[in-house]
Amino acid sequence: GLQNHIPSVQQHIICTKNSAMHRYCQHHHLSHFPLTKAAPFNPLFAYHLWRISRRTNAHLIHCHDPHAQQFATIAADIFGNFVPIVLSRRVDFPIQNNWYSYYKYNHPQIKRIICVSDAIRQIITPTIRKSEKVCTVHSGIDFDRFDTATPNAASNLRQQYQIPAATLLIGNVAALADHKDYFTFIDTAQILLEAGLNAVFLAIGEGEQRQVLQQYAQTKGVTDRLIFTGFRADIPQILPQLNLQLVTSKTEGLGTAVADAMYCRIPVVATAAGGIPELIEHGKTGLLAPVQDAPALAKHVQQLLQQKAWQQSMIDNAYRKVVEHFSLQSMAKKTWQVYAEVVPDIR
């Protein structure tokens, strides 16, 4: 996105050798430096970061996860790498309450902390000594993933799982992880099915909670109407087939799966977790319920499915909002503005 927005910018990606990012850079012919990462605290990795910064005459280092942040601060403290650091923060929980975390996030070389939602910004700002360093740049989604997706038989959910045309498809595209709270998804499914809704619920994702969730679904008596699809690489093909996206997360940095559904014109009912309310405006671009409130979620699903005109209005509003504010181009432009504030000569 940034390369398309500012063609003259030179970007070099430092990644772990043999990682998914390494393979991605190779496949797309991106300038990259693959390094061996033996442990989270690795002075040798930091040393190579310092060498690469000198070799490329870097104006700025952008760290996208805590390990990268740690390497960048070690490079500054031990090797004197005084290239300004910009840090991205994507999780909606407080910074750990210990001296090292406080030092690491208030390191003098960190000039900006970019949060993917205002919710995250509000959570971490009290820990940051200079609050003006903290800003929000919402994550953007790749519209081309959906625009270029071509339907195929292998991605036809109704055909694959033998679901009749009259049966609604209600899905959640999320890992089977604790913070996604599929227990509430199952509870909501139970309420709706017992109320007579003709629907199949799809848990689209994989994770460490699969077995316990399958057991929970059995105790709730919904196994014949709940499908665990496992990991799917064909989300652009299958997401538009849903009649509704039901998101039940307990915590969420922003919720790009929600943005994906909005772009695909799929109505959304979600919990008001983390940054989701920055995407879903209740009653305008979707419906929100409190976290872990299955009865409220079920009520919203019924309302949205029954009131077709209202549903269509929200679908249209949601599509416009995501196109205007949550594109890769918008994210790149705002990120570049942050870079320019940190290094004015970069313009």
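Just so it is clear, the structure is predicted and the values come from calculations on it, not from any experiment. (Residues numbered from 1 in each chain as written. Predicted model: local features only at pLDDT ≥ 70, side-chain atom pairs only at ≥ 80, totals over all residues. Heavy atoms only, no water.)

### Examining the packing of helix α9 (residues 182-194) against helix α10 (residues 210-219)
Each pair of packed helices can be described by the angle between their axes along with the distance between the axes. Rule in force here: In this description, a line fitted to the C-alpha atoms serves as the axis of each element, helices being fitted only across the stretch in contact, and the angle between N-to-C directions of two axes falls anywhere from 0 to 180 degrees. Here a helix means four or more residues in a row that DSSP labels H or I, a strand means two or more in a row labelled E, and each is numbered from the N terminus. Note on angle classes: values under 35 degrees are labelled roughly parallel, values over 145 roughly antiparallel, values of 65 to 115 roughly perpendicular, and the remainder oblique. What makes a crossing left-handed is the near helix being turned counterclockwise from the far one by less than a right angle; a clockwise turn instead makes it right-handed. Here, residues are in contact when the closest pair of their heavy atoms is within 4.5 Å. For this classification, the nonpolar set comprises Ala, Val, Leu, Ile, Met, Phe, Trp, Tyr, Cys and Pro, the charged set comprises Asp, Glu, Lys and Arg, and every other residue, Gly included, is treated as polar.
Between α9 and α10, the least distance of the axes is 10 Å, while the angle of their chain directions is 20°. Comparing their axes, α10 and α9 come out roughly parallel. As for the relative orientation of α9 and α10, their crossing is right-handed in sense. From α9, Y182, F183, I186 and D187 reach across to α10, where they touch V212, L213, Y216 and A217. Its residues placed into classes, the contact of α9 with α10 shows seven nonpolar, no polar and one charged.

### Brief notes about the sheet that holds strand β10 (residues 244-247)
Definition in use: For two strands to be treated as a pair, DSSP must find no fewer than two bridges joining them.
Read across the open sheet, the six strands follow the order β9-β8-β7-β10-β11-β12; overall the sheet is parallel. The sheet terminates laterally at β9 (226-228) and β12 (287-289), the two strands that pair on one side only. Ignoring which end each strand starts from, the neighbouring axes of this sheet average 20° apart. Bridge analysis of β10 against strand β11 (residues 268-271) gives three bridges, and the strand direction is parallel. Along β11, the bridge assignment pairs V247 with A270.

### Re the nonpolar core
Stated precisely, the cut-off is as follows: By nonpolar core is meant a set of buried Ala, Val, Leu, Ile, Met, Phe, Trp, Tyr and Cys residues that side-chain atoms within 4.5 Å join together. Think of it in three bands: with a 1.4 Å probe and only protein chains considered, a residue is buried below 20% of the maximum accessible area for its type, exposed above 50%, and partly exposed in between.
Counting residues in each nonpolar core, the largest one holds 59 residues, and the members touching the most others are I113, L202, L242, M262, L279 and I280. In terms of residue count, the dominant contributor to this core is helix α12 (residues 256-263) (five residues). Sequence-distant contacts of L202, that is, excluding residues within four places in its chain, are made with L157, Y161, L169, I170, G171, N172, F185, I227, T229 and L242. If you look at the next biggest cluster of nonpolar residues, it comprises 29 residues, including L176, L226, L287 and L297.

### Some remarks on the pairing of strand β7 (residues 168-173)
Each regular strand shows side chains that alternate between the opposite faces of the sheet. Put simply, the test is: Seen with the strands pointing away from the viewer, any crossover whose path from the first strand over the helix to the second strand runs clockwise is right-handed.
Within β7, five of the six residues are buried, leaving the element largely enclosed by the surrounding structure. For β7 and strand β8 (residues 199-204), the ladder comprises six bridges, and the chain directions are parallel. Counterpart to G171 in the pairing with β8 is L202. Chirality of the crossover, the property in question, places the unit of β7, α9 and β8 among those that are right-handed. With two bridges joining them, β7 and β10 adopt parallel strand pairing. Its bridge partner being in β10, G171 is matched across the sheet by Q245.

### Here's the deal with the packing of helix α13 (residues 294-306) against helix α14 (residues 308-325)
At a minimum axis separation of 5 Å, α13 and α14 run at an interaxial angle of 100°. In this view, α13 runs roughly perpendicular relative to α14, as classed from their interaxial angle. Between α13 and α14, the residues in contact are Q303, L304, L305 and Q306 and K308, W310, Q311 and M314, respectively.

### Some details on the pattern of salt bridges
Note the threshold: Counted as salt bridges are all cases of a side-chain nitrogen of Lys or Arg within 4 Å of a carboxyl oxygen of Asp or Glu.
Applying the stated criterion across every chain yields a total of ten salt bridges. In this structure, R121 engages D118 in a salt bridge whose closest nitrogen and oxygen atoms are separated by 3.3 Å. Taken together, the residues R121 and D118, both in helix α6 (residues 118-124) and three residues apart, mark about one turn of the helix. The class for D118 is partly exposed, based on a relative accessible area of 26%. For D234, the salt bridge is made with R232, and the minimal N-O distance between the two is 2.8 Å. Of the two residues examined, D234 and R232, each falls in the buried class.

### Re the environment of P295
By secondary structure assignment, the location of P295 is in helix α13. P295 gets classed as exposed once you look at its relative accessible area, which sits at 53%.

### Observations regarding the environment of T136
Condition: Polar contacts, as used here, are pairs of N or O atoms within 3.5 Å; protein pairs need one atom able to donate a hydrogen and one able to accept it. Residues neighboring in sequence count only if both atoms are side-chain atoms.
Structurally, the position occupied by T136 is in strand β6 (residues 134-136). Using a relative accessible area of 22% as the deciding quantity, one classes T136 as partly exposed. With residues near it in sequence (within four places) discarded, T136 still touches C115, V116, S117, D118 and R121. There is a polar contact of 2.8 Å between the side chain of T136 and the side chain of D118. Engagement of the side chain of T136 in a polar contact is seen with the side chain of R121, the distance being 3.0 Å.

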